[in-house]
Structure formats: structure tokens, C-alpha cells
Amino acid sequence: MGRVAWGRWVAGAAWLVAAGILGRTEQAEANAERLTRWEFRQPQMGTEFKILLYTTTEADARRASAAAFERVARLNAILSDYDPESELMRLCAQAGGEPVPVSEDLYRVLERAVEVARATGGAFDPTMGPVVRLWRRARRQRRLPDERDLAEARRLVDWKLVELDPEQRTVRLGRAGMRLDLGGIAKGYAAAEALKVLEAQGIRRALVAAAGDIALGEPPPEASGWRIAVATPDAESGVGPTLVLSGCSVSTSGDAEQFVEIGGVRYSHIVDPRTGIGVQGRSSATVVGDEGARVDAVATALSVLGPEEGIRVADQLGLAARVVVVEDSGRAQVRTSRLWETISEGDAARADER
Ligand code: ADP
Ligand code: MG
């Protein structure tokens, strides 16, 4: 008797759930017809953030995008190395001292930064601050950094000196004078976090782009994905393959905008931690994966490692990647990882036909 009642309840519950799902699907389809595309831009983190989203009302679009931009602004106040009052810079001021309790966001980004540093043999190194600073000055003055300054700065660079305690959620920087630089990871993290804010407001068909760091939600209505044109230095147009993607992050890192030319050699704003010298030649690295911060940091690392070694690392990490370098002689090298083949345009087009 009890068993029968239980069985009936289960059947009834299953029916209710099915009706609920059906109801939601029908609703979604009805709404899809009335969805409008909205675009918002705002200067954030030293670049322009762009939000594309689909909603039925303008009020929803405005409210959600404002909340997402607000989240980015808060992250900038935590992660910026330009703002001396940021949480990051206050942490650096205590380098060489005791462990410092930090916010969840700062802890998460540093944890990911150290993980990518380890996985890339230190090609991505969040402690590059002192060296990056010298290269920023070099860019302004169009003069290579002084060798002695560079040697001194390099003594402060070592990601292994970032001591993380997950229990206490503290960070200790092992040497006085250390300076963290999250320029190669913060935008990817912020774009993904901004997308989460939109999702929390019920907006799933959305894209957040922080220049070359893009977080993708569900595709636009009637589309199989967002069309992302990959910047590449080996094409005259500067635009390479188109990817059709959703539910992931894409980062392109390279020297298209920030570089300095001294003595006929082009030095990128990305600096090789093994030499302390800006990456030479025109280059770009594009990485696709699940997590914005990781994808951004790995793209920076692959710019340092170059096509051959970079793609070996991408394959090891199971990430889709494309790395290009055009040497000063004009010779271009392009390599792609195994997973890249599964997401590049040809395959996406075939998937659409199916
Ligand atoms: P972009 O800023 O153009 O999106 P990246 O994501 O590659 O490109 O980040 C480059 C920034 O990362 C530099 O401006 C600098 O602040 C920092 N950086 C430079 N070299 C390294 C490195 N080897 N590892 C970690 N961060 C780096
Ligand atoms: Mg990066």
C-alpha cells in the first residue's frame, strides 16, 4: 500500500517536472522571437569592455549590463597594478613580511596565476612586475632598459615566492620589493565574472569582451554560436580564422597594439621571464577553454613560448590554441594544437550543416 502511494507520488512528480520543463521551453521559444540585441561599452581596466546581450526589454539590458560593469570596476580596484591603492598593491607593500589575508577574488586569481606559471614552466609569471615596469618606461622613452636595472629587477621575479594558504586565505610574498602584475590574467577573469553577473540576472545569451579577452554565454537566437574573428599578424588584413563558439572563453594575446621598436627590433609588452627581454617579432597567441582567467594567462605564456613550444604546452593542458610569430625577416610560423582543429571554422561550418 505504502509502496503504491510512493510509486504514484514519484510518477506524479515526474510528470510535474516534465510539465515544468515543457512550460519553460515553450516560454523560451516565445521570448526568443521578441529578443533584441543590445550593446554596451565602457572604459574599464585600461581598455574598453564591451557587452553584447539579448533581452526582451531595454530596462533588463541596462540593469544587467550596469551590474556587470560595476563588478568589473570592483575587480579593477582589487587587481590593478596601476592604482597604488588597489588590494594587489597593498599586498605588494608587505612583500617580505607576514602572510596577508586577502579577498576571495584576489586569492582565486593568484591561485590560478601560480597554477599557470607552474604549468608553463614560468613563461607566465605573475611576479614580473619589476621587469614589466622597466619595459613600460622603455616604451615611453624608446630606449632599452639599463642592464643593471634589469638584473636587479629580475632578482625579484620568481612565482615560487608567492606562498598561498588556502585554509587561512592568505598570501605571503617571499622577498621585499616584489611586485605582482596581473595584466596577463585579470581581464580574462573580469570578463568571465561579468558574464556570471549577467547570467545571475537571467541573461544567458551574452558576450563580454575586454579587448582580446572574451567570455561567451549561450549563442544569439537562431545561431549555433558567437562568431569570433581571431586577430593574426600573418594576414595582411590582420584577421585570421573565424571561430563559432559558445559557453567558453577566448583570449588573444599579442603585440598588435603595445610594442616598442628600438634599433629596428620590435619588442612586445609581453616579457620573457627567462631573459627579461620583451618578446621579439610580431606575434599572437589565441587560446580557447572553459575558464577566462586560465585562458588569458595561458595565451600570455604561449606568446612567450612561441609556436613550437607553446603548442606543445597547449596540447599538454588540453586547450585549443593557435600561435603565430612573424619574425623580423618576414618569415611567418603558424601552429595549432590538436583541439584547435575541432573548433576552427571548417568544423563549425560542417556542424551547422548537420
Ligand atoms: P593584453 O594586455 O594585450 O591583453 P596579455 O594578456 O598577454 O595581453 O597581457 C600582457 C600583460 O601581462 C603585460 O602588459 C604585462 O602587464 C603582463 N606581462 C608581461 N609579460 C608577462 C609574463 N611573462 N607573465 C605574466 N605577465 C606578463
Ligand atoms: Mg593574457
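Rules of the game
- Residues numbered from 1 in each chain as written.
- Chains lettered and ligands numbered in written order.
- Predicted model: local features only at pLDDT ≥ 70, side-chain atom pairs only at ≥ 80, totals over all residues.
- Heavy atoms only, no water.
- Donors = N, O, S within 2.8 Å, 3.2 Å for Na, K, Ca; no water.
- Helix = DSSP H or I, 4+ residues; strand = E, 2+ residues; numbered from the N terminus.
- Buried < 20%, exposed > 50% of the residue type's maximum accessible area, 1.4 Å probe, protein only.
- Phe/Tyr/Trp six-rings, centres within 6.5 Å; stacked < 30°, edge-to-face > 60°.
- pLDDT = per-residue confidence, 0-100.
- Contact = heavy atoms within 4.5 Å.
- Expected span 1.5 Å × (residues − 1).
- Bend = angle between axes of the 7 residues up to and from the residue.
- Near = heavy atom within 4 Å.
- Polar contact = N/O pair within 3.5 Å; in protein donor to acceptor, adjacent residues only side chain to side chain.
- Areas by Shrake-Rupley, 256 points an atom, 1.4 Å probe, with all protein chains shown as cover.
- Nonpolar A, V, L, I, M, F, W, Y, C, P; charged D, E, K, R; others polar.
- Salt bridge = Lys/Arg side-chain N within 4 Å of Asp/Glu carboxyl O.
- Core = buried A, V, L, I, M, F, W, Y, C linked by side-chain atoms within 4.5 Å.
- Axes fitted to C-alpha atoms, helices over the stretch in contact; angles between N-to-C directions.
- Parallel < 35°, antiparallel > 145°, perpendicular 65-115°, else oblique.
- Left-handed = near helix turned anticlockwise from the far one by under 90°.

## Re the coordination of the magnesium ion (ligand 2)
Stage number 1. In this structure, G184 (O), D296 (O), D296 (OD) and T300 (OG1) serve as the protein donors to the magnesium ion (ligand 2), at separations of 2.0 to 2.7 Å.
Stage number 2. Motif for the magnesium ion (ligand 2), donor spacing along one chain: G-x111-D-x3-T. You can see G184 sitting in the loop between β5 (170-173) and α7 (186-200) and its partner D296 sitting in helix α8 (residues 292-317), a full 112 residues away along the chain. Accessibility assignment for this pair places G184 and D296 in one class, buried.

## Quick notes on the packing of aromatic side chains
Stage number 1. Tallied over the entire structure, the rule returns 2 aromatic pairs.
Stage number 2. Aromatic pair Y54 and W226: ring centres 6.1 Å apart, planes at 45 degrees, arrangement tilted. Placement of the pair is Y54 in strand β2 (residues 47-55) and W226 in strand β8 (residues 226-231), with a sequence separation of 172 residues.
Stage number 3. Centroid distance W135 to Y267: 5.3 Å. Interplanar angle 40 degrees. Geometry classified as tilted.

## Focus: the confidence of the model for the protein
Stage number 1. For the protein, the mean per-residue pLDDT works out to 89, and 87% of the residues sit at or above 70.
Stage number 2. Counting interchain partners and residues more than four positions distant, the pLDDT-below-50 stretch residues 346-354 has 4 contacts.

## What about α8?
Stage number 1. Counted at 1.5 Å a residue, the expected span for α8 with its 26 residues is 38 Å, but the 15 Å between its end C-alpha atoms falls short.
Stage number 2. The axis of α8 is deflected most strongly, by about 135 degrees, at G306, and proline P307 appears within four residues downstream.
Stage number 3. When you tally the buried positions in α8, you get 19 out of 26 residues, the bulk of the element.

## Here we look at the site of ligand 1
Stage number 1. Taken together, 18 residues form the shell around ligand 1, and within it D125, D181, S253, V271 and T300 come nearest.
Stage number 2. Here a nitrogen atom of ligand 1 sits 2.8 Å away from a polar atom, N or O, in the main chain of V271.
Stage number 3. Between ligand 1 and the protein, one listed contact pairs an oxygen atom with a side-chain N or O atom of T300 at 2.7 Å.
Stage number 4. Computed on the free molecule, ligand 1 has an accessible area of 560 Å², of which 92% lies beneath the protein chains in the complex.
Stage number 5. In the shell around ligand 1, the residues fall into 7 nonpolar, 5 polar and 6 charged.

## Examining the pattern of salt bridges
Stage number 1. Evaluated as defined, the whole model comprises 25 salt bridges.
Stage number 2. One salt bridge connects E291 with R112, and the closest N-O pair in it is separated by 2.6 Å. Taken together, the residues span a long stretch of sequence, with E291 in the loop between β14 (282-289) and α8 and R112 in helix α4 (residues 104-119) at a distance of 179 residues.
Stage number 3. Its relative accessible area of 32% is what places E291 among the partly exposed residues.
Stage number 4. For R112, a relative accessible area of 19% gives the class buried.
Stage number 5. A salt bridge links E308 to R335; the nearest nitrogen and oxygen atoms lie 3.2 Å apart.

## Considerations on α7
Stage number 1. A rise of 1.5 Å per residue sets the reference length of α7, with its 15 residues, at 21 Å; its end C-alpha atoms lie 21 Å apart and thus fit the reference within 8%.
Stage number 2. Extensive coverage of α7 is indicated by the burial of 11 of its 15 residues.
Stage number 3. The inward-facing, buried residues of α7 abut β2, α2 (58-79), α4, β6 (206-210), β7 (213-216) and α8.
Stage number 4. Among the residues trailing α7, G202 stands out with phi positive, at a value near 85 degrees.

## Let's talk about the nonpolar core
Stage number 1. Among the nonpolar cores identified, the biggest contains 73 residues, and L79, L198 and L302 are the most heavily contacted of them.
Stage number 2. Tallying contributions element by element places α8 first for this core, with 12 residues.
Stage number 3. Apart from the residues within four sequence positions on either side, L198 is in contact with I51, L53, A64, S65, A68, I203, A206 and V208.
Stage number 4. Core analysis: the next-biggest nonpolar cluster, separate from the first, contains 17 residues, W226, C248, V250 and W340 among them.

## Re the packing of α4 against α7
Stage number 1. At their nearest, the axes of α4 and α7 sit 12 Å apart, and the two run at 130 degrees to each other. Between α4 and α7, the crossing angle belongs to the class labelled oblique. In the crossing of α4 with α7, the sense of the turn from one axis to the other is right-handed. Seen from α4, the contacting residues are D105, R108 and V109; seen from α7, they are Y189, E193 and K196.
Stage number 2. Looking at the contact of α4 with α7 residue by residue, the classes come out as 2 nonpolar, no polar and 4 charged.

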